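As a plain string of letters, each chain reads:
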Amino acid sequence: MMTAKETAAEKIITDAMANPSPAKSMGDPGITPLSPSHTQQNDTDQVASEPSFVVVVAIDFGTTSSGYAYAFTKEPECIHTMRRWEGGDPGVSNQKTPTTILLTPDRKFHSFGYAARDFYHDLDPSESKQWLYLEKFKMKLHTTANLSIDTDLHAANGKRVKALDIFAYALAFFKEQALKELSDQTGGEFDNNDVRWVITVPAIWKMPAKQFMREAAYKSGLVSRENPDQLIIALEPEAASIYCRKLRLHQMVDLGTHSTQNGCSPTDNVGGGMTQAAKEHVRRNRQSRTFLVENVIGELWSELEEGDRYVVVDCGGGTVDLTVHQIRLPEGHLKELYKASGGPYGSIGIDYEFEKLLCRIFGQDFIDQFKIKRPAAWVDLMIAFESRKRAAAPDRSNPLNINLPFSFIDYYKKFRGHSVEHALRKSNVDFVKWSSQGMLRMSPDAMNSLFKSTIDHIIQHLTELFEKPEVSDIKFLFLVGGFAESPLLQHAVQDMLQGRSRIIIPHDVGLTILKGAVLFGLDPSIIKVRRAPLTYGVGVLNRFVDGKHPPEKLLVKDGTRWCTDVFDTFIAADQSVALGEMVKRSYTPAKPSQQVIVIHVYCSEKEKAGFISEPGVRKCGTLRLDVSGTESAAPRREIQTLMQFGDTEIRAMAVDVSTGRTVKASIDFLSH
C-alpha cells in the first residue's frame, strides 16, 4: 500500500485516467494509428534523420562469441563483416571472436577476445591469480532478477567487478575496432557521429536488461545520452528474420532435402537472374567478408504468399529465442504473431553438463579449487571441450577425445594423492575412459547425453509454441545462431516437426543475426507490428462503486469515496502494437509548485490485472516527468504523456497542454 503522502501525489491521477486504454477500445490497432498527427510526425522525423548517418555498424554481443558488421547507407546491399581476428581455435570458424575480456590487476581494460584468452593463458599461475578474466558474462543480465546499475560479475579468480564496467569496456573495444576499420576503408579519420550503432539482444530479455545495454553504451562513449537515437537496440531473432527474408536458395540448406539447394555449392550457380557483373562480384568476394544482399526478396520468399507465417528459432550460446512472424506483401513488412518466447537453453548448458560430469569423476571440491587456483588451465580445458562438442553428431560411432591440460593432471595428483587415471577407474562413470595418450575418451553416447537436457528444453518449448492457435500453419522454420550448427539439435527439431514445416538453415548461420542487425539499422521500420511481452500499467484511484470494488480498497477523501490501487492498463501482454502507436494519459501535479511527477509503472505476465496489489503484479519501473519551469497561470496544469510500446524499447514523451511545451519524460526500468 502507498503511504498517505504517496497517495496524495497519486490522487492527481484523476478519473479521466481510468477510462479504458485507447489502444484497447480501438479494436485492432493495426488498422488505425492512435493519433494520426503523432504517427505522421514520426514518419517525417524518420525521413529527416535517416540520411545523417553514413554507415550502420551492428554489434552482435553474444554469450560465447561476438562480432560486428557494417554497411554504408549509400550501398545498403553490401554488408561487410569484421576483419578476421588474430588467434582462433582449430575446428571453430573465427568470423566472430570469443566474448572474453581481461582486466589488469588494477582493473584497467587490457584485451578482448582471442587476445585476452591467449594473454591470460600465457601468464604464470601465480600472476594470473591477480588478473581479472571474464567469459560468458552476458547471461548475468538475463538471470539477475533485480538488475541494477550496480550488479556485479565474478571474474575467473573469484573477484567481483561491476557488470556495467565490463559491458562498457567491451562496447568501447568494438567501437575502436570498427572505427579503425572504417577509417582504413575510407582513407581518413572516421567520425563516430556518422555511425548509427545497433546492438543485438535476445528478444526474451526484459526491459531492465535492454536498458542496461543502453547505459553501457552511454558509459563506453559509443553514443551520448544527448543523442539516444544514434543507438538502436535490435532483437536477435528479429534481425535473423529480416536477413532470412533476403535468402536466395544457394545461401541455405533445406533439411528436408538435406542438400544445398539446386545441388550446387554455395558459389557455383549464383541465382540465374544475376548480371555477369554481379556474378563476377560474388566470385571476387568469395574469400572476402562482404555479403551481397540483393534488393529483390530472396527466392525462398517467392514461395511465401501474403499472410504466410514462419518461425525463427535463434539458438545462441546463452539463450534460445523464438519469434513468429507473418509476411505482409508487397513491401515484405513483418508482423509479429506471438510474443517472443524461449529461455536460457543455449549451448553453454552443455558446458555446464560437462562440468557436472567432471565433478562426478573428480569431485566437486577439486573442480571448485582447480577453477580458482588454475583459472587459465580451466579455460583451456573448456576450449578443448568446445571443439569436441562441435564434433558430436547423431550417427557418430567413434569416441571423442578431450585433452586434459597438464596442470589438471598435476594439480589433481597433488590434491588427491592419486592419479587422474585412478579417479576414472574408480568413478562409476563407465562411458568416460582414460586413453593412453593422456586424454579423456568419451563415447558418442556420453557426449550426446550432455546435450540431452538442453535440447529437451528447446524441443519442449517448440512443441508448446506449435500448440498455440496463433502458431498454426507455419510454412518455414529458420534455425539460426551458432548452436543451430549442431547436428544433434537439427535432428531433434526434424523429429519433432515431422514434416509440418520446412526447416531452413542459412549458410554461416552464426553471422545471420549480425547481417540482419545491419539491415534493421538501415530500415528500423521494417517490423510494423509487435506483440507486447508483458502487461504494463500504473496504479490509479477510481470512484468507488459498491458491489464492484472490494471494501478494503475504499479511501474517503474530502467526502469523495475512492477505490485505491486500481491497475490502469497501458498495454496487455501479447496485444498487437503497431510501430509508432502511442498510449496517451494525462497527469496533473498535486501542487502547483511540484517540480517532478514520479509515477510507478507496474507489469504482469497475465493479460488482465485489476489491482496493482494482485499476485503476479510487480513494480517494474518509474515514469518521471520533469515539470520544472512549466509553471503557468492555468489553474490546473495537465501534462499529456505519450508512451510508445511498438518498438524494441519502451519510450515516453510528454507535453504541457496549456503551454504546448515539451516536458522532459523518461521511463526507467533499472532498480536503483
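Further up the page is the structure itself.
This report concerns the structure included in the present document. Treat the numbers as computed from the prediction; the structure is a model and nothing was measured.

### Remarks on the packing of aromatic side chains
Reasoning step 1: A complete count under the given rule lists 31 aromatic pairs for this structure.
Reasoning step 2: Between F362 and F408 the ring centres are 5.1 Å apart and the planes differ by 75°, which places this aromatic pair in the edge-to-face class. You can see F362 sitting in helix α12 (residues 348-362) and its partner F408 sitting in helix α15 (residues 406-416), a full 46 residues away along the chain. With respect to burial, F362 and F408 carry one shared label: buried.
Reasoning step 3: Against the face of W562 rests R543, its NZ or CZ located 5.4 Å from the ring centre.

### Some details on the pairing of strand β16 (residues 320-328)
Reasoning step 1: Counting buried positions over the 9 residues of β16 gives 8, a clear majority of the element.
Reasoning step 2: One ladder, built from 7 bridges, connects strand β15 (residues 309-315) with β16; its direction is antiparallel. Across the sheet, Y310 pairs through a bridge with H325, a residue of β16.
Reasoning step 3: Once β15 ends, the chain turns through 4 residues before running back antiparallel as β16.
Reasoning step 4: Counted along the chain from β16 to the antiparallel partner strand β17 (residues 333-343), the turn is 4 residues long, and its residue G332 has a positive phi close to 75°.

### A look at the environment of T100
Reasoning step 1: Counting through the fold element by element, T100 comes out in strand β5 (residues 100-103).
Reasoning step 2: For T100, a relative accessible area of 3% gives the class buried.
Reasoning step 3: Sequence spacing of T100 and S66 is 34 residues, and the spatial spacing of their C-alpha atoms is 9.2 Å.
Reasoning step 4: If near-sequence neighbours (up to four positions away) are discounted, T100 is found in contact with S111, F112, G113, A116, R117, Y133, L134 and E135.

### Concerning the packing of α12 against helix α17 (residues 444-467)
Reasoning step 1: Direction vectors running N to C along α12 and α17 enclose 135°, while the axes themselves pass 8 Å from each other. Classified by the angle between their axes, α12 and α17 sit oblique to one another. Crossing geometry of α12 relative to α17 is assigned as right-handed. On α17, the residues touching G349, I350, E353, F354 and L357 of α12 are L450, F451, S453 and T454.
Reasoning step 2: Among the residues making up the contact of α12 with α17, the classes are represented as 5 nonpolar, 3 polar and 1 charged.

### Overview of the pairing of strand β21 (residues 474-480)
Reasoning step 1: Across the 7 residues of β21, 6 count as buried, placing the element largely inside the fold.
Reasoning step 2: Here 6 bridges tie β15 to β21, and the two strands are oriented parallel to one another. Within the sheet, the bridge partner assigned to V313 lies in β21 and is L479.
Reasoning step 3: Pairing of β21 with strand β22 (residues 502-506), which is carried by 3 bridges, proceeds in the parallel orientation. Directly across from F478, in β22, lies its bridge partner I504.
Reasoning step 4: A crossover links β21 with its parallel partner β22, the connecting element being helix α18 (residues 487-497), and its sense is right-handed.

### What to know about the packing of helix α13 (residues 364-373) against α15
Packed helix pairs are specified by the crossing angle of their axes together with the interaxial distance, meaning the distance between the axes.
Reasoning step 1: The geometry of α13 relative to α15 is characterised by a closest axis approach of 11 Å and an angle of 125° between their N-to-C directions. In terms of axis orientation, α13 runs oblique to α15. Relative to α15, the crossing made by α13 is right-handed. The residues of α15 that touch α13, namely those facing D365, F366, I367, Q369, F370 and K373, are S407, F408, Y411, Y412, F415 and R416.
Reasoning step 2: For the contact of α13 with α15, a count of residues per class yields 7 nonpolar, 2 polar and 3 charged.

### Considerations on the sheet that holds strand β24 (residues 535-543)
Strands pair in a sheet through their backbones, by hydrogen bonds, and they do so in one of two ways: parallel or antiparallel.
Reasoning step 1: Read across the sheet, 9 strands follow the order β25-β26-β24-β29-β30-β33-β32-β31-β28 without closing on themselves; strand pairing throughout is antiparallel. Pairing within the sheet leaves two strands with one partner each, and these edge strands are β25 (554-557) and β28 (582-587). On average, adjacent strands in this sheet sit at an angle of 35° to one another, irrespective of strand direction.
Reasoning step 2: The sheet contact formed by strand β32 (residues 651-656) and strand β33 (residues 661-668) spans 3 bridges and is antiparallel. Its bridge partner being in β33, V655 is matched across the sheet by T662.

### Digging into the sheet that holds strand β7 (residues 132-135)
Reasoning step 1: Ordered by their spatial adjacency, 3 strands build an open sheet running β6-β5-β7, and the pairing between neighbours is antiparallel. A single partner strand is all that each edge strand has here, and the edge strands are β6 (109-112) and β7. Ignoring strand direction, the axes of neighbouring strands in this sheet form an average angle of 20°.
Reasoning step 2: Pairing geometry for β5 and β7, over 4 bridges, is antiparallel. Residue pairing across strands places L103 opposite L132, the latter belonging to β7.

### Points about the nonpolar core
Reasoning step 1: Judged by nonpolar contacts, the single largest core of 98 residues is most densely connected at F354, F362 and L477.
Reasoning step 2: At 10 residues, the largest contribution of residues to this core is made by α17.
Reasoning step 3: What F354 contacts, discounting residues up to four positions off in sequence, is L381, M382, F385, I402, L440, M442 and L450.
Reasoning step 4: Judged by nonpolar contacts, the second largest core, of 49 residues, contains F61, L103, A170 and V223.

### Brief notes about α13
Reasoning step 1: Within α13, the full set of buried residues consists of F366, I367 and F370. Along the long axis of α13, the arc covered by the buried residues comes to 95°, so they all point the same way.
Reasoning step 2: In this fold, the buried residues of α13 make contact with α12, α14 (375-389) and α15.

### Section: unusual backbone geometry
For residues that are not glycine, phi is negative in most cases, and the peptide bond is trans in most cases.
Reasoning step 1: Residues other than glycine seldom take positive phi values, yet D558 does so here, at roughly 50°.
Reasoning step 2: Inspection of the secondary structure puts D558 in the loop between β25 and β26 (560-571).
Reasoning step 3: What makes D558 exposed here is its relative accessible area of 74%.
Reasoning step 4: The phi torsion at D574 lies on the positive side, around 65°, for a residue other than glycine.
Reasoning step 5: Tracing the backbone shows D574 in the loop between β26 and β27 (576-578).
Reasoning step 6: What makes D574 buried here is its relative accessible area of 11%.

### Some remarks on helix α19 (residues 512-522)
Reasoning step 1: Across the 11 residues of α19, 10 count as buried, placing the element largely inside the fold.
Reasoning step 2: All of the buried residues in α19 are T512, I513, L514, K515, G516, A517, V518, L519, F520 and G521.

Cut-offs and rules
- Residues numbered from 1 in each chain as written.
- Predicted model: local features only at pLDDT ≥ 70, side-chain atom pairs only at ≥ 80, totals over all residues.
- Heavy atoms only, no water.
- Phe/Tyr/Trp six-rings, centres within 6.5 Å; stacked < 30°, edge-to-face > 60°.
- Helix = DSSP H or I, 4+ residues; strand = E, 2+ residues; numbered from the N terminus.
- Buried < 20%, exposed > 50% of the residue type's maximum accessible area, 1.4 Å probe, protein only.
- Lys NZ or Arg CZ within 6 Å of the ring centre and 35° of its normal.
- Pairing = 2+ DSSP bridges.
- Contact = heavy atoms within 4.5 Å.
- Axes fitted to C-alpha atoms, helices over the stretch in contact; angles between N-to-C directions.
- Parallel < 35°, antiparallel > 145°, perpendicular 65-115°, else oblique.
- Left-handed = near helix turned anticlockwise from the far one by under 90°.
- Nonpolar A, V, L, I, M, F, W, Y, C, P; charged D, E, K, R; others polar.
- Right-handed = clockwise from strand over helix to strand, strands pointing away.
- Core = buried A, V, L, I, M, F, W, Y, C linked by side-chain atoms within 4.5 Å.
- Arc of directions from axis to C-beta.

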